[in-house]
Amino acid sequence: MTDKPRTLYEKIWDAHVVETRDDGTALVYIDRHLVHEVTSPQAFEGLRLAGRKVRRPDLTLAVPDHNLPTTPRLDAEGKRIPIADAESAQQLAALEQNVEEFGVKYFDATSAEQGIVHVVGPEQGFTLPGTTLVCGDSHTAAHGALGALAFGIGTSEVEHVLATQTLLLKPSRTFAITVDGTLGYGVTAKDVVLAIIGRTGTAGGTGHVVEYRGSAFRDMSIEGRLTVANMAIEGGARSGLFAPDQLTYDYIKGRPMAPSGEAWDRAVEWWKTLVTDEGARFDKSLRLDATDIAPNVTWGTSPEDVIAITGSVPDPESFEDASKRIAAVKSLDYMGLHAGQRMEDVTVEHIFIGSCTNSRIEDLRAAAAVLKGRHVADRIKQALVVPGSGLVKRQAEAEGLDRIFIEAGFEWREPGCSMCLGMNPDRVPSGERCASTSNRNFMGRQGPGARTHLVSPVMAAAAAIKGRLADVRDLMGNERG
Amino acid sequence: MEPVNHVEGRAYPFGMKNVDTDIIIPAEWLKTISRNGLGKGAFEALRKEPGNVFDDPRYAGAPIIVAGDNFGCGSSREHAAWALIDMGVKAVIAPSFSDIFSGNAFKNGILTVVLPQEAIDRLVEVATTDPISIDLEHQTVTTPFQDRFRFEIDPFRKSCLMGGLDEVGLTMARGDAIATFERMDAQRRPWLVPAAA
Ligand code: SF4
């Protein structure tokens, strides 16, 4: 290749270029393709119409998640309960027929391995460092936590990958986001990524691939890194990358689809080369100090509308940019909030702990630790906890976390996207307010008229107990520092 | 795909910034297994507001949308592009687009034209009374008032749009190069194929 120092992104890119065209567009090989029910039917249909096959079914994995109800899927006799919504049922049936017809590996809606596609990939060892990984879903960036160059694609691209195992891409610019220092008490990976988006805005990363660097990320668990990379897209970036390290190898080793034996050793040898070289340059960079980050909440209808829980709703007039001022007025109107209102005074009726951002075992453990021996406030109408996969659910049950949630007044559900988006039965009613561990607070995201405040799992637990947005540090004893 | 060259007609003077894909097509419309019929759900939430541009008879069936910065941000749903096509939109003009949206738009033969904010302001003004014309070959947007804005476009995208070419077919013709890569890569990364789980 070249002796020029390269970034992690450039190394992965270079290793996957099949050929480059004169205009700089490259045909890039795709190592991993995750498929779900919502963005794939039209792609399979396209293959069928053109008489094409799936080129590498062995590199493809399908699982339903977006519109599956999270209520029980089997009746008392172990028979499958049909999905009531006709269109959801039709999408699921289409996926089942397509994986059968095209020979794609599939985790059925009732299997223990089923879950949110971005939880399942890492959990199964399907996601590996240095791979190119795509899925018809914008939160695919999550897999970058393991050092995979992972990004969301549209359905035409899903069809392109199914047929050719490649994509036509232009190289991205690179963006180094460095967070050094130790996170404060009660401050989590979610607060870090919200702080980043608060700084960059939702378009700050457009055209870039982010590499997360610095001691705060080196010390972060793989599950925390998955939370951070998951929301790279909320900052406009197509992908977010963490260089693989010992934590990564320890996380992957022994997972069902991961390499083993001699293949494992060879893989690790290659993965160890996947670091940004000394002297490689990034097109853009941002630095934050971990100690400046507080537990965060969002106040508006864009993930960049971030403020510390101790803060107040900003005055739209305080924004320099005129369009931001107009957007803020609209947001506050939609959210039913006014400038100067203290975030801790904002009451909520719904709590959602789940989504591909925060539904892994560490998230559930953290929320359960806050909820243990406590109960949700009277004003809470619904508190849902939705594990990211059947395996997460089993693990949580083995640890007794389900009991803690249920005793605290939460509903313990089957895995799926649930209340993260309004396309299955789990929704927030119009005009009501939800403290949610998901990744998007867009208008109507959790159902028409629903008001979403993005928070970490421990902050969602704190909001459940208080019936309002609350500072989890006040509930975690006197270690507040 | 239909070849695209001239897009001419009335334009929705939309102008809104950060139009996300939930605004273009709400999630409940994503359950379809077909590409057609999504126009009915396009901009559903905005259409509830009286006086919105999408229900204004002056712009009925307009083939162009003039929008603000960061059009199509949010999710990767290609339904956003299909919804626009189904409502008859062939081109969107904005100061910037989200990466995923502009890729999806391109693959479905929708032209995304990037022009600076001053040009957008002018086009929004013109659109309220008069048609706008986009000439892809010459990369210009013009109005009946002698406005003439030149835009840049990736040459590959331009030739695909003008020729109505199918990208999957083009890549399948490179099957040998892909197979060569796979053979070489199997030596380098023998561990790549997932263990059967
Ligand atoms: S949990 Fe939410 S963000 Fe994640 S894949 Fe599902 S719908 Fe998308």
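Residue positions are given per chain, counted from 1 along the sequence in the order it is written. Numbering of ligands from 1 and lettering of chains from A proceed in the order in which they are written. Local features in this predicted model are restricted to residues of pLDDT 70 or higher, and side-chain atom pairs are both shown and tallied only at a pLDDT of 80 or more, whereas totals for entire chains, interfaces and linings draw on every residue. Excluded from the side-chain calculation are hydrogens and water; included are all heavy atoms of the structure.

Under an unreviewed UniProt entry, the name given to chain B is 3-isopropylmalate dehydratase small subunit, and the source organism is Sphingobium nicotianae. UniProt positions are given in the numbering used here, feature names are shortened, and annotations may be inferred rather than shown by experiment. Of chain B, the UniProt comment under Catalytic activity (unreviewed entry) reads exactly: "(2R,3S)-3-isopropylmalate = (2S)-2-isopropylmalate". Here is the UniProt Pathway (unreviewed entry) comment for chain B, exactly as written: "Amino-acid biosynthesis; L-leucine biosynthesis; L-leucine from 3-methyl-2-oxobutanoate: step 2/4."

In the nomenclature of an unreviewed UniProt entry, chain A corresponds to 3-isopropylmalate dehydratase large subunit from the organism Sphingobium nicotianae. Its UniProt record gives chain A a comment under Catalytic activity (unreviewed entry), which states: "(2R,3S)-3-isopropylmalate = (2S)-2-isopropylmalate".

(A) Molecular detail of the interface of chain B and chain A. Between two residues, a contact is recorded if the distance between any of their heavy atoms is within 4.5 Å. Listed per partner, the contact involves 52 residues of chain B and 75 residues of chain A. Note: buried area is the sum, over both parts, of the accessible area (probe 1.4 Å) each one loses when the two are combined. Both faces combined, the contact of chain B with chain A buries some 5,200 Å², and carbon together with sulfur accounts for 57% of it. By the criterion of area lost to chain A, the three top residues of chain B are K31, I33 and W191 of chain B, representing 16% of everything that side buries. Note on definitions: salt bridges are taken to be side-chain nitrogens of Lys or Arg within 4 Å of carboxyl oxygens of Asp or Glu. The interface formed by chain B and chain A contains 10 salt bridges. Residue E159 of chain A pairs with R35 of chain B through a salt bridge whose shortest N-O separation is 3.3 Å.

(B) How the structure looks around the packing of helix α2 (residues 41-50) of chain A against helix α5 (residues 155-164) of chain A. Residues and elements named next belong to chain A. The angle between two axes is taken between their N-to-C directions and runs from 0 to 180 degrees, where each axis is a line fitted to C-alpha atoms and a helix contributes only its stretch in contact. In this text, helices come from DSSP runs of H or I with a minimum length of four residues, and strands from runs of E with a minimum of two, each type numbered from the N-terminal end. Close contact between α2 and α5 brings their axes to 8 Å; oriented N to C, the two are set at 50°. It follows from the interaxial angle that α2 and α5 lie oblique. Helix-helix and strand crossings are classified by hand; for α2 and α5 the assignment is right-handed. Between α2, through Q42, A43, F44, G46 and L47, and α5, the contact on the second element is made entirely by T155, V158, E159, L162 and A163. If an angle is under 35 degrees, it is roughly parallel; if it is over 145, roughly antiparallel; if it lies from 65 to 115, roughly perpendicular; otherwise it is oblique. By convention the crossing between two helices is left-handed if the near helix lies anticlockwise of the far one by an angle smaller than a right angle, and right-handed if it lies clockwise.

(C) Region of interest: the packing of aromatic side chains. Here is the rule: rings of Phe, Tyr and Trp (six-membered ring for Trp) pair when centre to centre is within 6.5 Å. Planes less than 30 degrees apart are stacked, more than 60 are edge-to-face, and the remainder are tilted. Tallied over the full model, the rule gives 21 aromatic pairs over all chains. Measuring from centroid to centroid gives 5.4 Å for F14 of chain B and F43 of chain B, while their planes differ by 75°, and the two rings are edge-to-face. One end of the pair, F14 of chain B, is in the loop between β2 (11-13) and α1 (21-24); the other, F43 of chain B, is in the loop between α1 and α2 (44-47), with 29 residues separating them in the sequence. F14 of chain B sits in the buried class, given a relative accessible area of 14%. For the exposure calls, accessible area comes from a 1.4 Å probe over protein chains only, and a residue counts as buried if that area is under 20% of its type's maximum, exposed if over 50%, partly exposed in between. Overall, F43 of chain B belongs to the buried group, its relative accessible area being 0%. Here a set of aromatic residues connected by ring pairs shows up, and it is made of Y249, W264, W270 and W271 of chain A together with W191 of chain B. One cation-aromatic arrangement involves R255 of chain A over Y251 of chain A; the distance from NZ or CZ to the ring centre is 3.9 Å. The rule is short: NZ of Lys or CZ of Arg within 6 Å of the ring centre and within 35 degrees of the ring normal puts a charge over the ring. Between K284 of chain A and the ring centre of F175 of chain A, over which it is positioned, the NZ or CZ distance is 4.9 Å.

(D) Main features of the nonpolar core. Formed by 87 residues in total, the largest nonpolar core has its most connected members in I351, F405 and F410 of chain A together with F43, F71 and L84 of chain B. Per element, the largest residue contribution to this core is 8 residues, and it comes from helix α15 (residues 457-466) of chain A. Ignoring anything within four residues of it in the chain, the contact list for F410 of chain A reads I351, I353, L371, V376, A383, L384, V385, F405 and A464 of chain A. Among buried residues, those of type Ala, Val, Leu, Ile, Met, Phe, Trp, Tyr and Cys that are joined through side-chain atoms within 4.5 Å constitute a nonpolar core. Formed by 82 residues, the second largest nonpolar core is a distinct cluster that contains I30, F217, A267 and I293 of chain A.

(E) Region of interest: the UniProt feature "binding site: [4Fe-4S] cluster" (unreviewed entry) in chain A. Residues and elements named next belong to chain A. With numbering aligned to this structure, UniProt lists the feature "binding site: [4Fe-4S] cluster" (unreviewed entry) at C356, C417 and C420. The named residues occupy 65 residues along the chain; their greatest pairwise C-alpha distance, 8.7 Å, places them in one compact cluster. Here C356 shows up in the loop between β15 (350-353) and α12 (361-371). For C356, a relative accessible area of 7% translates into the label buried. Aside from chain neighbours lying at most four places away, what touches C356 is I116, H118, V119, H139, N230 and N439. Tracing the backbone through its elements, the reader meets C417 in the loop between β17 (411-412) and β18 (433-436). Among the residues examined, C417 registers a relative accessible area of 7% and is labelled buried. Not counting residues within four places of it along the chain, the set of residues in contact with C417 comprises D65, H66, I116, F352 and N424.

(F) View of unusual backbone geometry. All names here are of chain B. Its identity is not glycine, yet N18 carries a phi of approximately 50°, on the positive side. Positionally, N18 belongs in the loop between β2 and α1. The residue N70 is not glycine, and still its phi comes out positive at about 65°. Given the relative accessible area of 4%, N70 is considered buried.

(G) Inspection of the site of the ligand at higher detail. Throughout this document, a residue counts as near a molecule or strand when at least one of its heavy atoms sits within 4 Å of that molecule or strand. Taken together, the residues surrounding the ligand are H66, I116, H118, D137, H139, S355, C356, C417, C420, L421, N439 and R445 of chain A. Partitioned by chemical class, the residues of the shell around the ligand number 5 nonpolar, 5 polar and 2 charged. Classification used: nonpolar for Ala, Val, Leu, Ile, Met, Phe, Trp, Tyr, Cys and Pro, charged for Asp, Glu, Lys and Arg, polar for all others including Gly.

(H) View of the packing of α2 of chain A against helix α3 (residues 86-102) of chain A. Residues and elements named next belong to chain A. Closest axis-to-axis distance for the α2/α3 pair is 10 Å, and the angle between their directions is 40°. Classified by the angle their axes make, α2 and α3 are oblique. Where α2 crosses over α3, the two elements pack in a sense that is left-handed. Counting all contacts with α2, which are made through P41, F44, L47 and R48, the residues of α3 involved are Q97, N98, E101 and F102.

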